[in-house]
Amino acid sequence: MAVGYDVEKWKYLRRVLERAGPFTDKDSFDASMVKEALKDVKILVIGAGGLGCEILKNLALTGFKNIDVIDMDTIDVSNLNRQFLFRSSDVGQPKATCAANFIKSRVPDVNITPHFCAIQDKDIDFYMSFNSIICGLDSVEARRWINATLVNMVDWNNPDTCKPLIDGGTEGFKGQSRVILPKMTSCYECSLDMLTPRQAVPICTLATIPRQPAHCIEWASILEWPRVKGDLKMDTDDPEHITWLYTTALKRAQEFGIEGVTYTLTQGVVKNIIPAIASTNAIIAASCCNEAFKLATNTAPFLNNYMMYTGNEAVYTYTFEHERKENCPVCGEQNEPTNVTIRKDVKLGEWIEELKARADIQLKRPSLMGLGKSLYVQQPPQLEEKTRPNLEKLVSELVGNGEEVAVSDSALPFSLRLRVLYE
Amino acid sequence: MADPEAVIADPSLSGHAAVSLPSAKEKKYDRQLRLWGSSGQEALENAHIALINVSAVGTETLKNLVLPGIGHFTVIDSGRVEEADLGVNFFVTADSVGRSRAEAVSELLGELNPDSEGTYINAAPSDLLESSPETFSKFTHFLISSPVSTSFLFNLQSRFPNTPLFFLYSLGFVSSLRISVPELTVVETHPESTVDLRLLNPWPELSQLMEERTKGLDTMSEKEHGHVPYVLLLLYYLKEWKTQYGTYPSNYKEKSAFKDLLRNGMRTDVAGGSEENFDEAYAAVMNHVKKTEISSSLKEIFKDQKCEQLGAESSDFWIIARAVRDFYNENSELPMSGTLPDMKAESKDYITLQKTYRRKAQEDLDKVEASVQKHLASVGRDASAIPRSTIETFTKHTNYVKLIRFRTLEQEYKVDDTHAATVKRQIAFDEGMDESLIYLTIALKGYQKFIDDRLASSSTSLHPGETDESIEADTEDVLKNAKHYLALLAQKTGETRDPTAEEVVPQLVVDWVGEIVRSGGGELHNISSMMGGIAAQEIIKIITHQYIPSNNTILVDGIKSKTAVFEL
Ligand SMILES: [Zn+2]
């Protein structure tokens, strides 16, 4: 249903589309073309959760006409305090479909196409068909995937292959939004070290000297579950499983005189729950959509390129240009390996743990390839079994000084190159 | 958050035999309870906010309050839903065009959460304030969206001076929020950390624990040595340092030398080449080897007249603050928070140390509680009127509690001396950088005056820039108002200038006026939605008395994607 903007409904939007403001770049703004341009923009929203619901509403009320939304999740009761396109009767339904239906019922003059699947299920042609992409995800892995995919798509013979990626994220009263122009500005991977990876508690602390309630919970989930339950896979969404972990952790805590193990904490620790509220999602989603609007219309200059928002103490935003990393493994021009210095007495298994914790690597299940040989490979299981003995060997036995190691993860479309140097 | 959905009885669990599971409500609100807890949630459920004038920014703010479960809201507006509302407000539909705007939005907002009760009054707020001011007394918070007359704002605030008030503008790419609360006290400010280790003034029990656990440090087994909690290591070496130099390390140089002392104590002939507990001690020197200074905000509270003179009308906050001040005057230190960070240690050692800190905190709390009871009795209240848990929340946060007295709208809009000085100072501060959003506040003053003039006249158009034809003349008018305001600022700050000289308007004021007129009073949904999120955060902080709100004006610049806060 194509509707122009020259109707009473869009009276307010038209004012900024038809009138240039004092801050508008007069060279790039063309009042005669802008409505046509906005009408034809095809935009993809990744995630239909807390940010996604807001993003869809905002785009529909910003005059965007062609929106696709992709999400692989279904609705949970704990989503209802912020994901306002869902009602309790929707619990269990696909988020993408429910969200699209709700928006269509409220704002009929917009086309929204839902995709109930993982972003990795879509091919390059799919991503190529959009003008820009807005990401409202809570997963670092999924963001790295889409970022790398979009960067790899860029072909300078065809400037249309550079798809702006607008990314938002929140945690409690804080959040950030940013605009990524693949191969032109800093990408998601360039700034990965701004996220501090979750500090893992050493297994020996969990096993022998717990001090905190979280230690007891991690002991229950990492050590006791596999010991007692064998091959039964833990499902952190199964209340029975959480209850088992909780009571197991509670017993251990009592044994050591540790206070503070609760059901809520147990759930928080094993699911790595990040507090989330409607208002922060609203701020970040609106910031992302405002940038999408400015990019599509040139009605005002767009964000260059990062905004951090903190609401814990007053309101504080920091807007700055995040610099591209020359040796970024995804968008870097000079594809030099990163030098890593290690001790000669470090075992491969220990080194992998160190790498996982590094801010600029953060892989969950890394596989390592040496010069023409597999050092440790997670998939397929036969290869994992074959390379597992290497974990107990010293890195210095497997890799020569100055040799390169490629680190990859099946969930990411790129690998990191490391050059090993010994102390 | 009582009535747990289920309990598990597990005979092998000693003490608390029953294990409580989260209730349905706790499940639904799980992600926010992790931020403000059940006490914050209860405060939210007891609030009744009034939205005065329907706008997108107003309904977006309400959306973000209804979703987390605000108890009640009432929408007051006399207008009808217009076609143009459909393009900017998510809480109207094509079917609602022509219906009461207050009714239509309250219906769709109410649908968001069955826990939140919404209602509406189809009346003009200013008429309602004249005809039945008592209507407003049931509201705990006022959320007002522009356009309203300045006199309405003054009237509302002077009749209900104790009701927190939030006033919103959303005009094209810009938005602002003015907050006014006569007195806001926040105990649970959620600082990054409340750790106070008392390393330079350990109490006897802690010193004794240190002596016991560090006895024969040099001859300890590798395991024992590597597991002495770093707090005890620091106490041990501080004692050694003091024996040698007579005082504790205080400046950077001394602390660096003290770190060397620690480094010399660490064993390096162990696996990995260093001991983790020593590494932790080393890392804690700069931050934790110091005497706790009272924060400036606590000093202000101690000095406050309300702390000095308690009476029957004193709030619990002030009675506890006074008891804490008594404690401080008597002991020359604040009551302990009792928080201990995690550290490399054997379970038993850590728990013993933790208990030592907690016991001291409880002893301090006993003293504060006794003092609270004494003060309660002296003002004629029941000595047990304030629960121990409330006092404990205070003593856990003593150095981080906050008092904010917001300025009234009259103080700002009538340009008192403080306001004039603040704006002048901000302008001077920005000289040459041309970045500050203070210029936007000046443009908004010009806009408000324009609205006041239009409301007072019988003109059919209210906003500057409603039609293309009026842009030029309206811009002139708003600029003239801004100039008038600037002249007033100059006069108040005693600036001497040639009275006949043309008032020079900074270019950024001209630009912001241009941007405001461009919008013709219209909202952009994204900007209203962003401010709706910011306003809801601030309102939640003020309702829950948790976290620290902005004092007192927040500006959003949707062009440069930035915000600023000024105390106007
Ligand atoms: Zn990059």
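Numbering of residues begins from 1 in every chain and follows the order in which that chain's sequence is written. Each chain is given a letter, starting from A, and each ligand a number, starting from 1, according to the order in which they appear as written. Reporting in this predicted model follows two pLDDT cut-offs: at least 70 for local features of residues, and 80 or more for side-chain atom pairs to be given and counted; totals over whole chains, interfaces and linings ignore these cut-offs and use all residues. Side-chain calculation: all heavy atoms of the structure are included, whereas hydrogens and water are not.

A.B. asks: Describe the packing of aromatic side chains, with residues and values.
C.D. replies: Within 6.5 Å between ring centres, the rings of Phe, Tyr and Trp (the latter by its six-membered ring) count as paired, and their orientation is classed by plane angle as stacked under 30 degrees, edge-to-face over 60, tilted in between. Counted according to the given criterion, the structure contains 29 aromatic pairs over all chains. The interplanar angle of 90° and the centroid separation of 6.0 Å between the aromatic rings of Phe84 of chain A and Phe90 of chain B together place this pair among those described as edge-to-face. Within this pair, whereas Phe84 of chain A is found in the loop between strand E2 (66–70) and helix H4 (95–106), its partner Phe90 of chain B is found in the loop between strand E4 (72–76) and helix H4 (101–110), the two belonging to separate chains. For the pair formed by Phe84 of chain A and Phe90 of chain B, the shared burial category is buried. Their ring planes at 75° and their centres at 6.5 Å tell us that Phe139 of chain B and Phe142 of chain B sit as a pair that is edge-to-face. Relative accessibility thresholds used throughout: buried, under 20% of the residue-type maximum; exposed, over 50%; partly exposed, between the two (1.4 Å probe, protein chains only). On the basis of relative accessible area, Phe139 of chain B is assigned to the buried category, the value being 3%. Members of the aromatic cluster, each reached through a chain of ring pairs, are Phe84 and Phe102 of chain A together with Phe90 and Phe91 of chain B. For Arg106 of chain A, the ring lying beneath its charged end belongs to Phe90 of chain B, and the centroid distance is 5.0 Å. Working rule: Lys NZ or Arg CZ, within 6 Å of ring centre, within 35 degrees of ring normal, means a charge sits over the ring. A cation over an aromatic ring shows up here: Lys360 of chain B above the ring of Trp203 of chain B, its NZ or CZ 5.8 Å from the ring centre. Here a strand is any run of E in DSSP of at least two residues, a helix any run of H or I of at least four, and the numbering for each starts at the N terminus.

A.B. asks: Quick one: what's the story with the sheet that holds strand E9 (residues 338–342) of chain A, residue by residue and with numbers?
C.D. replies: Residue and element names in this part refer to chain A. With mixed pairing, five strands are arranged side by side in an open sheet as E9-E13-E12-E10-E11. With partners counted over all chains shown, the strands left at the sheet margins are E9 and strand E11 (373–376), one partner each. Neighbour-to-neighbour, the strand axes of the sheet open up by a mean angle of 35°, direction not taken into account. As paired elements, E9 and strand E13 (residues 415–422) share five bridges and run parallel to each other. Within E13, the position partnered with Thr341 by the bridge is Leu421. Here helix H12 (residues 348–357) sits on the sheet in contact with E9, strand E10 (367–370), E11, strand E12 (404–408) and E13, set at roughly 120° to E10. By definition, two strands form a pair when at least two bridges between them are found by DSSP. Every axis in this analysis is a line fitted to C-alpha atoms, fitted for helices over the stretch in contact. Angles between the N-to-C directions lie between 0 and 180 degrees. Whether two residues are in contact is decided by their heavy atoms: any pair within 4.5 Å suffices.

A.B. asks: Let's hear about the sheet that holds strand E11 (residues 553–557) of chain B: which residues, and what values?
C.D. replies: All names here are of chain B. Judged by pairing direction, the sheet is mixed, and its eight strands sit side by side in the order E5-E4-E3-E6-E7-E8-E11-E12 without closing on themselves. The open sheet has two free edges, formed respectively by strand E5 (117–121) and strand E12 (562–566), since each of these has just one partner strand. Direction aside, the axes of adjacent strands within the sheet are offset by 15° on average. Strand direction decides the pairing type here: strand E3 (residues 48–52) and E4, joined by five bridges, are parallel. Bridging across to E4, Leu51 finds its partner in Val75. The sheet strands contacting H4 are E4 and E5, and the helix crosses E4 at an angle near 155°.

A.B. asks: Tell me about the interface of chain A and chain B, and please be specific about residues and values.
C.D. replies: Between chain A and chain B, the residue contacts involve 86 residues of the former and 91 residues of the latter. A combined buried area of about 7,400 Å² lies between chain A and chain B, and 59% of that area is made up of carbon and sulfur atoms. For the chain A face of the interface with chain B, the top three residues by lost area are Arg19, Phe23 and Arg106 of chain A, together amounting to 11%. For this analysis, a salt bridge means a side-chain nitrogen from Lys or Arg found within 4 Å of a carboxyl oxygen belonging to Asp or Glu. The interface formed by chain A and chain B holds seven salt bridges in total. Once two parts are joined, some of their accessible surface, as seen by a 1.4 Å probe, is lost; buried area is that loss totalled over both.

A.B. asks: So what about the domain arrangement of chain B? Which residues, and what values?
C.D. replies: Structurally, chain B comprises domain 1 (24–188 + 526–566), domain 2 (199–288), domain 3 (296–404) and domain 4 (409–521). If you average the C-alpha positions of domain 3 of chain B and of domain 4 of chain B, the two centres end up 47 Å apart. Segmentation of the chain into domains, including their bounds, is taken from an automatic or database domain assignment.

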